[in-house]
Amino acid sequence: MRRLFSAQALFLLIAGIIFSIIIISIAYETLLPLLRAEAWLALLSNLIGVSLVLAGAGSVCWGAWLFLRGTGDEQPTTQAAALRSFLPGLAWFLGGFGLIIVGNLISRIH
């Protein structure tokens, strides 16, 4: 029997649905009230801040994936090789947290 969806396609579909729900929630609960109140500075700061927070969350997820992938079946032979296998994921992970912090600070500007 043939599968309708591959595991990767199903994962992307679920991630897309969750991302869409988050975007709709942000639009209706945060951005539309600011638009109706004509609070332009708050609207602009929230648009920029929320975008940075979402980019940071994606970066954290990607960094975690790279970090976990670095712990694969191959065991590094030296400490330097182990550190090199973890650094790319750790950089994305920490950079994502930095984006979340900056986005949070920007979205609080009114």
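Report on the accompanying structure. (Residues numbered from 1 in each chain as written. Predicted model: local features only at pLDDT ≥ 70, side-chain atom pairs only at ≥ 80, totals over all residues. Heavy atoms only, no water.)

## Let's talk about the overall build of the protein chain
If you tally the helices and strands in the protein chain, you get three helices and zero strands. Tracing the protein chain from N to C terminus, the helices and strands come up as α-α-α. The burial tally for the protein chain puts 18% of its 110 residues in the buried class. For the protein chain, contacts bridging at least 24 residues in sequence account for 72% of all contacts bridging at least 6. (Helix = DSSP H or I, 4+ residues; strand = E, 2+ residues; numbered from the N terminus. Buried < 20%, exposed > 50% of the residue type's maximum accessible area, 1.4 Å probe, protein only. Contact = heavy atoms within 4.5 Å.)

## Side note on helix α3 (residues 79–107)
With 29 residues, α3 extends 41 Å between its outermost C-alpha atoms, agreeing within 8% with the 42 Å of an ideal straight helix rising 1.5 Å per residue. At Leu87, α3 shows its strongest bend, of approximately 35°, with the proline Pro88 following within four residues. Where α3 is concerned, the buried positions are Ala81, Gly89, Gly96, Gly103 and Ser107. (Expected span 1.5 Å × (residues − 1). Bend = angle between axes of the 7 residues up to and from the residue.)

## A closer look at a nonpolar patch on the surface
Residues Leu10, Leu13, Ile14, Ile17, Ile18, Ile21 and Ile22 make up a contiguous nonpolar surface patch of roughly 610 Å² in combined accessible area. Among the secondary structure elements, Ile22 is positioned in helix α1 (residues 7–36). Residue Ile22 is classed as partly exposed on the basis of its relative accessible area, which comes to 36%. (Patch = residues over 30% accessible without salt bridge, like charges linked within 9 Å, V, L, I, M, F, W, Y side chains within 5 Å. Areas by Shrake-Rupley, 256 points an atom, 1.4 Å probe, with all protein chains shown as cover. Salt bridge = Lys/Arg side-chain N within 4 Å of Asp/Glu carboxyl O.)

## Notes on the nonpolar core
Ile26, Leu31, Leu34, Ala42, Leu43 and Val50 together form the largest nonpolar core, which totals six residues. Contributions of two or more residues to this core are made by α1 and α2 (40–69). Leaving out residues up to four positions away in the same chain, Leu43 has contacts with Leu31, Leu34 and Leu35. (Core = buried A, V, L, I, M, F, W, Y, C linked by side-chain atoms within 4.5 Å.)

## Quick look at α1
Between the first and last C-alpha of α1 there are 42 Å, a value that for 30 residues agrees with the 44 Å anticipated at 1.5 Å per step. For α1, the principal kink sits at Ala27 and spans about 35°. Those residues of α1 that fall on the buried side of the exposure criterion are Ile26, Leu31 and Leu34. In this fold, the buried residues of α1 make contact with α2. Glu38, located one to two residues past α1, shows a positive phi value of around 55°.

## Some details on the environment of Leu43
Tracing the chain through its elements places Leu43 in helix α2. A C-alpha to C-alpha distance of 8.7 Å links Leu43 and Leu32, two positions eleven residues apart in sequence.

Read these as spatial facts, not as claims about activity.
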